[in-house]
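Residues per chain, in single letters:
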Amino acid sequence: MPYIPEKDREVFQFFVQDMEDCITRRGISNGELNYLFTRLSLLYLGKHGTSYNTISDVIKALECAKLEFYARVARPYEEKKIEQNGDVY
């Protein structure tokens, strides 16, 4: 889950701000988004070594981020669309 303590987020703030500035300036494609996820995953493997455990760590982090994104962003959007267009079920 992305809910790390505020003080632990500070170390990443410049990196996150640089990414935000870049994306605001030029936009980002889905391929570029995938590239960023991949690069972060490879950096993690580079730091912790390539093993079943670290590969599993990356997959778990990506899966949990996906599930949290779905719960916080996609599902509320779908609920709004159900209200606007009617339920199928």
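Residues numbered from 1 in each chain as written. Predicted model: local features only at pLDDT ≥ 70, side-chain atom pairs only at ≥ 80, totals over all residues. Heavy atoms only, no water.

A grouping of Ile 4, Val 11, Phe 12, Phe 15, Val 16, Leu 40 and Leu 43 is seen on the molecular surface, where their side chains present a nonpolar patch of about 640 Å² in accessible area. Broken down by secondary-structure element, the contributors of at least two residues to the nonpolar patch are helix H2 (13-26) and helix H3 (30-48). Along the polypeptide, Leu 40 turns up in helix H3. Take Leu 40: its relative accessible area is 43%, and that puts it in the partly exposed class. (Patch = residues over 30% accessible without salt bridge, like charges linked within 9 Å, V, L, I, M, F, W, Y side chains within 5 Å. Areas by Shrake-Rupley, 256 points an atom, 1.4 Å probe, with all protein chains shown as cover. Salt bridge = Lys/Arg side-chain N within 4 Å of Asp/Glu carboxyl O. Helix = DSSP H or I, 4+ residues; strand = E, 2+ residues; numbered from the N terminus. Buried < 20%, exposed > 50% of the residue type's maximum accessible area, 1.4 Å probe, protein only.)

The largest bend along helix H4 (residues 52-85) measures about 40° and falls at Tyr 70. The first or second residue beyond H4 is Gly 86, which carries a positive phi of 95°. (Bend = angle between axes of the 7 residues up to and from the residue.)

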